Amino acid sequence: MRALEEAAMRHGAVTGRELMETAGRGVVEAIFSEWPELAVAPQCALVLCGPGNNGGDGFVVARLLRGWGWDVRLHLYGDPGKLPPDARANRDLWAEMGEVTPLTADDPPSSEGADLVVDALFGIGLTRPVALPLSRWSSHLEGGRRVAVDLPSGLCSDSGRRLGPEGGLFTADLTVTFHRMKLGHVLGEGPAACGRTRVVDIGLRRAADGGAAEPAARLVPAASRDRLGKAGGAHKFTHGHALVLSGGAGRTGAARLAARGALRIGAGLATLGVPGSAQLEVATQVTAIMLCRVDDAAALAEVLEDRRLTALCLGPGLGVERAAALLPAALQAKHCPAVLLDADALTAVAQDDGLLGALHDRCVLTPHAGEFARLFPDLADCLSEPPRRGPAFSRLDAARAAAERAGCVVLLKGPDTVIADASGAVVVSAAVYERAAPWLATAGAGDVLSGFVTGLLARGFAPMEAAATASRLHIDCALAFGPGLIAEDLPEMLPGVLRAL
């Protein structure tokens, strides 16, 4: 954002004062759009301004609301004499209209009678903890209507992590940010702290189109009908053959979920590789999914000689011991299919450095936080330690470092799923805001996701594309079903989701 703003000002497209005025006006317009009843004056606002340009935006908001007929109480945190030039100019304009009351931790502002609280204390440039009880202040406003300018104060814009101790984070009902969403809006605590997020155009598109700054990451876009559709005149083997390895008797459900997901997402064939002890159990549960016996590594190696097998899934319900026995054959096959590792297969890799070293660029790892910690304990420790300064180490940083270390795609699961490959490319598949699907937190949902990824790998999708597309469709299926979802429902929602593309 700094690079974009500097480029725009350097080329004379806009001044800093104009950017600040546009930002403040955008905040007011977003407030009235979110709560139309507030456009009817008089109302009362409490505006909290900080010592930087975020505070300058706050002065603009206060001035515009006062001009709309509002009663505005404004508090400034920090020395007014040290404000940046543009913020100081807007502070002087406000001072002609109203008072500037000093703000300290020991003298909290009163929100009594306020219809709106505006947090313009600290924005995306914050790198240190805030020594203010922001959580308590933001929770005292009855009836909501808390607005954060650019980012809730106390949140790291690069990671979505809270900077500082408990209590140092403002919680908003609406966050109004500028030009583009930041990582902090979609990662970690960001979505919960932001409430709802609106993006306001402040005139930086030309600088962005000119390449002044590249995005840190991209959100996974909606799936492509052209990419997911099947061509006429093809046959089942044209669309790939997915093999999902299963655990023993009584442990086959997760693999069956994955196999059904692979078939639903378009793999031409899906086969379950099961030990002899589980053959009868599986045979009574599947119809379109095929069955083959895989007792040990030798049997798997023989099966993998079939070049029509294009993707392999190991982990769901497999058992750590069986996973460890089968992984060498899976990773060292002469005909090397794409390989997805999840659950018990990830635990087996974490226990054997040789297996970690055998991973290749056609592998996809799909750990949740616990599995990630077993695989990459040092990276997980960086995520668990409370950050003392920003930019804080983020899930995006962790996934990117893990992918570079493993030499393959890593899909770090969560509401803010991050997908990275060994080149450093990264995308975010976030089930947040209007795409929030908390009912995805149900047993077996991750197994279905593994099946979706495996099915796309079988069809010939590159590992990064398969992981990103499957993650997006997984959320789409959950949203299409809604509350009450169980894992078995996800593959059955997929035809409708695909048809709607």
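Shown above is the structure to which this text applies.
Caption draft 1: Seen up close, helix α4 (residues 85-95). Looking at α4, one finds that the buried residues are A87, N90 and W94. The buried side chains of α4 occupy one side of the element, clustering within an arc of 65° when seen end-on. Lining the buried residues of α4 we find α2 (16-34), α3 (53-67) and β2 (71-76).

Caption draft 2: Region of the structure containing helix α13 (residues 320-331). Taking 1.5 Å as the rise per residue, α13 with 12 residues should run 16 Å; its terminal C-alpha atoms sit 16 Å apart, in good agreement. Taken as a whole, α13 has its buried residues at R322, A323, L326, L327, A329, A330 and L331.

Caption draft 3: Quick look at the sheet that holds β2. Ordered in space as β3-β2-β1-β4-β5-β6-β7, the 7 strands form an open sheet in which the pairing is parallel. A strand with exactly one partner marks an edge of an open sheet, and here the two such strands are β3 (101-102) and β7 (196-200). Sheet topology places strand β5 (residues 146-149) next to strand β6 (residues 174-178); 3 bridges connect them, and they run parallel. When the sheet's bridge partners are listed, V149 is paired in β6 with V176. Running over the sheet, α2 touches β4 (116-120), β5, β6 and β7 and is turned about 145° from β6.

Caption draft 4: Focus on the sheet that holds strand β15 (residues 409-412). Taking strand neighbours across the sheet as the criterion, the 10 strands line up as β8-β17-β16-β15-β14-β13-β12-β9-β10-β11 in an open arrangement whose pairing is mixed. A single partner strand is all that each edge strand has here, and the edge strands are β8 (218-219) and β11 (290-293). As paired strands, strand β9 (residues 241-245) and strand β10 (residues 269-274) are joined by 5 bridges and run parallel to one another. Each bridged residue has a counterpart across the sheet, and for V244 the counterpart in β10 is L272. Lying over the sheet, helix α10 (residues 253-264) contacts β9, β10 and β12 (311-314), oriented at roughly 165° with respect to β10. Across the face of the sheet, helix α19 (residues 445-458) comes into contact with β9, β12, β13 (338-341), β14 (363-365) and β15 while running at roughly 160° to β12.

Caption draft 5: Representation of unusual backbone geometry within the structure. In this chain, A41 is followed by P42 through a cis amide linkage whose omega measures 0°. Topologically, P42 is positioned in the loop between α2 and β1 (44-49).

Caption draft 6: How the structure looks around the environment of A255. Among the structural elements, A255 can be located in helix α10. Taking the C-alpha atoms as reference, A255 lies 41 Å from T171; in sequence the two are 84 residues apart. In this structure A255 touches V244, L245, S246, L272 and P316, once residues within four positions along its chain are discounted.

Caption draft 7: The packing of α3 against α4, seen in detail. Where α3 meets α4, the closest approach of the two axes is 8 Å, and the angle between their N-to-C directions is 25°. Judged by the angle between their axes, α3 and α4 are roughly parallel. Where α3 crosses over α4, the handedness of that crossing is left-handed. Here N53, G56, F59, V60, A62, R63 and R66 of α3 lie close against α4, whose contacting residues are A87, N90, R91, L93 and W94.

Caption draft 8: Expanded view of a nonpolar patch on the surface. A contiguous nonpolar surface patch, about 230 Å² in accessible area, is contributed by M181, V199 and L219. Looking at where M181 falls in the secondary structure, it is placed in the loop between β6 and α6 (183-186). By relative accessible area, M181 is classed as partly exposed at 32%.

How each quantity is defined
- Residues numbered from 1 in each chain as written.
- Predicted model: local features only at pLDDT ≥ 70, side-chain atom pairs only at ≥ 80, totals over all residues.
- Heavy atoms only, no water.
- Buried < 20%, exposed > 50% of the residue type's maximum accessible area, 1.4 Å probe, protein only.
- Helix = DSSP H or I, 4+ residues; strand = E, 2+ residues; numbered from the N terminus.
- Arc of directions from axis to C-beta.
- Contact = heavy atoms within 4.5 Å.
- Expected span 1.5 Å × (residues − 1).
- Pairing = 2+ DSSP bridges.
- Axes fitted to C-alpha atoms, helices over the stretch in contact; angles between N-to-C directions.
- Parallel < 35°, antiparallel > 145°, perpendicular 65-115°, else oblique.
- Left-handed = near helix turned anticlockwise from the far one by under 90°.
- Patch = residues over 30% accessible without salt bridge, like charges linked within 9 Å, V, L, I, M, F, W, Y side chains within 5 Å.
- Areas by Shrake-Rupley, 256 points an atom, 1.4 Å probe, with all protein chains shown as cover.
- Salt bridge = Lys/Arg side-chain N within 4 Å of Asp/Glu carboxyl O.

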